[in-house]
Amino acid sequence: MGTEGSSVVVPRNFRLLEELERGEKGIGNGTVSYGMDDADDIYMQSWTGTIIGPPNTVHEGRIYQLKLFCGKDYPDNPPSVRFQSRINMTCLNQETGVVEPSLFPMLANWQREYTMEDILTQLKKEMMSPQNRKLAQPPEGNDEARVEQRGLALKCCIF
(Lines give C-alpha, C1' and ligand atoms only; values in the text may rest on other atoms or scores of the structure.)
Protein backbone atom coordinates (compact mmCIF):
# COMPACT_ATOMS: atom_id res chain seq x y z
CA MET A 1 0.00 0.00 0.00
CA GLY A 2 1.34 3.36 -0.95
CA THR A 3 0.15 6.89 -1.29
CA GLU A 4 -0.65 6.75 -4.99
CA GLY A 5 -3.17 9.54 -4.81
CA SER A 6 -6.46 10.27 -3.19
CA SER A 7 -8.61 7.74 -5.04
CA VAL A 8 -11.87 6.88 -3.32
CA VAL A 9 -12.82 3.23 -3.05
CA VAL A 10 -16.48 2.86 -4.00
CA PRO A 11 -18.27 0.40 -1.66
CA ARG A 12 -19.38 -2.91 -3.20
CA ASN A 13 -23.14 -2.23 -3.12
CA PHE A 14 -22.79 1.23 -4.68
CA ARG A 15 -20.60 -0.24 -7.39
CA LEU A 16 -23.14 -2.99 -8.12
CA LEU A 17 -25.99 -0.46 -8.18
CA GLU A 18 -24.03 1.53 -10.77
CA GLU A 19 -23.52 -1.62 -12.84
CA LEU A 20 -27.22 -2.51 -12.53
CA GLU A 21 -28.25 0.94 -13.71
CA ARG A 22 -25.87 0.76 -16.66
CA GLY A 23 -27.03 -2.76 -17.54
CA GLU A 24 -30.69 -1.72 -17.44
CA LYS A 25 -30.04 1.19 -19.81
CA GLY A 26 -28.51 -1.09 -22.41
CA ILE A 27 -24.93 -1.20 -23.59
CA GLY A 28 -23.45 0.01 -26.84
CA ASN A 29 -24.98 -1.64 -29.89
CA GLY A 30 -27.12 -4.06 -27.85
CA THR A 31 -25.13 -7.22 -28.56
CA VAL A 32 -24.10 -7.51 -24.88
CA SER A 33 -26.48 -7.10 -21.93
CA TYR A 34 -26.76 -8.05 -18.27
CA GLY A 35 -28.99 -7.70 -15.22
CA MET A 36 -29.78 -9.19 -11.85
CA ASP A 37 -31.41 -12.62 -11.58
CA ASP A 38 -33.49 -11.73 -8.54
CA ALA A 39 -34.49 -8.16 -7.62
CA ASP A 40 -34.90 -9.34 -4.01
CA ASP A 41 -31.26 -10.45 -3.72
CA ILE A 42 -30.04 -7.83 -1.25
CA TYR A 43 -26.43 -8.92 -1.75
CA MET A 44 -26.71 -8.50 -5.54
CA GLN A 45 -24.74 -11.69 -6.17
CA SER A 46 -26.48 -13.52 -9.01
CA TRP A 47 -26.55 -11.95 -12.49
CA THR A 48 -27.45 -13.05 -16.01
CA GLY A 49 -25.56 -11.88 -19.07
CA THR A 50 -26.34 -12.23 -22.75
CA ILE A 51 -23.99 -12.08 -25.70
CA ILE A 52 -25.20 -12.09 -29.30
CA GLY A 53 -22.60 -13.89 -31.38
CA PRO A 54 -20.43 -11.60 -33.50
CA PRO A 55 -20.79 -11.54 -37.30
CA ASN A 56 -18.43 -13.42 -39.60
CA THR A 57 -17.79 -16.12 -36.98
CA VAL A 58 -19.36 -19.49 -36.21
CA HIS A 59 -21.15 -17.64 -33.39
CA GLU A 60 -23.05 -15.29 -35.73
CA GLY A 61 -26.76 -15.15 -34.96
CA ARG A 62 -26.49 -17.24 -31.80
CA ILE A 63 -27.63 -15.90 -28.44
CA TYR A 64 -25.51 -16.99 -25.47
CA GLN A 65 -26.74 -16.87 -21.89
CA LEU A 66 -24.24 -16.58 -19.03
CA LYS A 67 -24.39 -16.57 -15.25
CA LEU A 68 -22.16 -14.24 -13.29
CA PHE A 69 -21.79 -14.62 -9.53
CA CYS A 70 -20.39 -11.68 -7.61
CA GLY A 71 -19.15 -12.92 -4.26
CA LYS A 72 -18.94 -10.69 -1.21
CA ASP A 73 -15.38 -9.71 -2.22
CA TYR A 74 -16.45 -8.31 -5.62
CA PRO A 75 -15.13 -6.01 -7.16
CA ASP A 76 -11.82 -6.65 -5.40
CA ASN A 77 -11.97 -10.17 -6.86
CA PRO A 78 -13.63 -11.17 -10.13
CA PRO A 79 -17.03 -12.78 -10.36
CA SER A 80 -17.32 -16.40 -11.41
CA VAL A 81 -18.59 -16.60 -14.97
CA ARG A 82 -20.34 -19.56 -16.57
CA PHE A 83 -21.98 -20.01 -19.94
CA GLN A 84 -25.43 -21.56 -19.61
CA SER A 85 -25.59 -21.95 -23.36
CA ARG A 86 -23.41 -24.64 -24.86
CA ILE A 87 -20.42 -23.11 -26.62
CA ASN A 88 -16.91 -24.21 -27.55
CA MET A 89 -14.25 -21.66 -26.65
CA THR A 90 -10.66 -22.13 -25.62
CA CYS A 91 -11.14 -20.28 -22.29
CA LEU A 92 -13.94 -22.55 -20.99
CA ASN A 93 -14.30 -25.77 -19.10
CA GLN A 94 -16.33 -27.64 -21.74
CA GLU A 95 -18.17 -29.78 -19.17
CA THR A 96 -19.43 -26.98 -16.92
CA GLY A 97 -19.25 -23.89 -19.14
CA VAL A 98 -17.14 -22.12 -16.52
CA VAL A 99 -14.81 -19.44 -17.87
CA GLU A 100 -11.44 -20.53 -16.49
CA PRO A 101 -9.51 -17.59 -15.02
CA SER A 102 -6.20 -19.21 -15.98
CA LEU A 103 -7.32 -19.21 -19.64
CA PHE A 104 -9.05 -15.81 -19.70
CA PRO A 105 -6.58 -12.99 -18.99
CA MET A 106 -9.17 -10.49 -17.81
CA LEU A 107 -10.12 -12.76 -14.89
CA ALA A 108 -6.53 -13.90 -14.27
CA ASN A 109 -5.30 -10.30 -14.08
CA TRP A 110 -8.41 -8.84 -12.47
CA GLN A 111 -8.44 -5.16 -11.56
CA ARG A 112 -11.03 -3.52 -9.35
CA GLU A 113 -12.00 -1.11 -12.15
CA TYR A 114 -13.18 -3.96 -14.39
CA THR A 115 -16.93 -4.54 -14.61
CA MET A 116 -19.31 -7.28 -15.68
CA GLU A 117 -19.83 -5.31 -18.89
CA ASP A 118 -16.07 -5.46 -19.50
CA ILE A 119 -16.11 -9.25 -19.02
CA LEU A 120 -18.99 -9.76 -21.45
CA THR A 121 -17.42 -7.44 -24.02
CA GLN A 122 -14.07 -9.23 -23.71
CA LEU A 123 -15.75 -12.65 -24.08
CA LYS A 124 -17.42 -11.40 -27.26
CA LYS A 125 -13.99 -10.28 -28.53
CA GLU A 126 -12.64 -13.72 -27.59
CA MET A 127 -15.33 -15.26 -29.84
CA MET A 128 -13.78 -13.28 -32.71
CA SER A 129 -10.21 -14.38 -31.96
CA PRO A 130 -8.47 -16.68 -34.49
CA GLN A 131 -8.60 -19.69 -32.13
CA ASN A 132 -12.39 -19.35 -31.54
CA ARG A 133 -13.96 -17.73 -34.60
CA LYS A 134 -14.13 -21.00 -36.61
CA LEU A 135 -14.17 -23.53 -33.76
CA ALA A 136 -16.87 -26.17 -34.28
CA GLN A 137 -19.92 -25.47 -32.10
CA PRO A 138 -22.50 -27.76 -30.51
CA PRO A 139 -25.98 -27.70 -32.03
CA GLU A 140 -28.19 -24.83 -30.92
CA GLY A 141 -30.88 -25.55 -28.35
CA ASN A 142 -28.62 -27.95 -26.44
CA ASP A 143 -28.60 -26.03 -23.14
CA GLU A 144 -30.72 -28.24 -20.87
CA ALA A 145 -27.95 -30.41 -19.38
CA ARG A 146 -25.85 -27.42 -18.43
CA VAL A 147 -28.78 -25.56 -16.85
CA GLU A 148 -29.37 -28.48 -14.49
CA GLN A 149 -25.74 -28.22 -13.30
CA ARG A 150 -26.23 -24.57 -12.32
CA GLY A 151 -25.94 -25.02 -8.55
CA LEU A 152 -22.92 -27.31 -8.81
CA ALA A 153 -21.10 -25.06 -11.23
CA LEU A 154 -21.64 -21.96 -9.12
CA LYS A 155 -20.53 -23.67 -5.94
CA CYS A 156 -17.35 -24.87 -7.63
CA CYS A 157 -16.46 -21.36 -8.74
CA ILE A 158 -16.55 -19.53 -5.43
CA PHE A 159 -13.10 -19.26 -3.97
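Residues numbered from 1 in each chain as written. Predicted model: local features only at pLDDT ≥ 70, side-chain atom pairs only at ≥ 80, totals over all residues. Heavy atoms only, no water.

## Here's the deal with unusual backbone geometry
- Following tyrosine 74, the chain continues to proline 75 via a peptide bond in cis, the omega torsion being 10°.
- The backbone of methionine 44 shows a phi angle near 50°, a positive value even though the residue is not glycine.
- Tracing the sequence through the fold places methionine 44 in the loop between strand E1 (32-36) and strand E2 (46-52).
- Backbone geometry at asparagine 56 places phi at a positive 60°, although glycine is not the residue there.
- Residue position: asparagine 56 is located in the loop between E2 and strand E3 (63-69). (Helix = DSSP H or I, 4+ residues; strand = E, 2+ residues; numbered from the N terminus.)

## Side note on helix H3 (residues 116-127)
- With twelve residues, H3 extends 17 Å between its outermost C-alpha atoms, agreeing within 8% with the 16 Å of an ideal straight helix rising 1.5 Å per residue.
- Of the positions making up H3, those classed as buried are Met116, Glu117, Ile119, Leu120, Leu123, Lys124, Glu126 and Met127.
- Contact partners of the buried residues in H3: helix H1 (12-25), E1, E2, E3, strand E4 (80-83) and helix H2 (105-108). (Expected span 1.5 Å × (residues − 1). Buried < 20%, exposed > 50% of the residue type's maximum accessible area, 1.4 Å probe, protein only. Contact = heavy atoms within 4.5 Å.)

## Examining the pattern of salt bridges
- Under the criterion given, the structure shown has five salt bridges.
- Here glutamate 19 and arginine 15 are joined by a salt bridge, their closest N and O atoms 3.0 Å apart. With glutamate 19 and arginine 15 both in helix H1, this residue pair falls four residues apart, about one helical turn. Neither glutamate 19 nor arginine 15 differs from the other in exposure class; each is buried. (Salt bridge = Lys/Arg side-chain N within 4 Å of Asp/Glu carboxyl O.)

## Description of the confidence of the model for the protein
- Here the protein averages 87 in pLDDT, and 84% of its residues register 70 or above.
- Segment residues 147-159: pLDDT under 50, and 13 contacts once partners within four positions in sequence are set aside and those in other chains are kept. (pLDDT = per-residue confidence, 0-100.)

## As for the pairing of E1
- In terms of burial, E1 is largely enclosed, as four of its five residues are buried.
- With five bridges joining them, E1 and E2 adopt antiparallel strand pairing. The residue bridging tyrosine 34 from the neighbouring strand is glycine 49, located in E2. (Pairing = 2+ DSSP bridges.)

## What to know about the environment of phenylalanine 83
- Locating phenylalanine 83 in the fold gives a position in strand E4.
- Residues phenylalanine 83 and threonine 50 lie 33 residues apart in sequence; the distance between their C-alpha atoms is 9.4 Å.

## Topic: the nonpolar core
- Ranked by size, the top nonpolar core spans 29 residues in total, and within it Trp47, Phe83, Val99 and Leu123 carry the most contacts.
- When contributions to this core are tallied by element, the ones reaching two or more residues are H1, E1, E2, E3, E4, H2 and H3.
- Not counting residues within four places of it along the chain, the set of residues in contact with tryptophan 47 comprises Leu16, Leu20, Tyr34, Gly35, Met36, Asp37, Leu66, Lys67, Leu68, Cys70 and Met116. (Core = buried A, V, L, I, M, F, W, Y, C linked by side-chain atoms within 4.5 Å.)

## Some words on the packing of aromatic side chains
- Counted according to the given criterion, the structure contains four aromatic pairs.
- Taken together, a centroid distance of 6.1 Å and an interplanar angle of 45° make the contact between tyrosine 34 and tryptophan 47 tilted. Placement of the pair is tyrosine 34 in strand E1 and tryptophan 47 in strand E2, with a sequence separation of 13 residues. By the burial criterion, tyrosine 34 is buried, and tryptophan 47 matches it. (Phe/Tyr/Trp six-rings, centres within 6.5 Å; stacked < 30°, edge-to-face > 60°.)

## Quick notes on the environment of leucine 16
- Tracing the sequence through the fold places leucine 16 in helix H1.
- Sequence separation between leucine 16 and glutamine 45 is 29 residues; the distance between their C-alpha atoms is 9.1 Å.
- Contact partners of leucine 16, with chain neighbours within four places excluded, come to Tyr43, Met44, Trp47, Cys70, Tyr74 and Met116.

## Thoughts on the environment of lysine 124
- As for its position among the elements, lysine 124 is in helix H3.
- On the accessibility criterion, lysine 124 (13% relative accessible area) is buried.
- Taking the C-alpha atoms as reference points, lysine 124 and histidine 59, 65 residues apart in sequence, are found 9.5 Å from one another.
- When sequence neighbours within four positions are dropped, the list of residues in contact with lysine 124 reads Asn29, Thr31, Val32, Ile51, Ile52 and Pro54.

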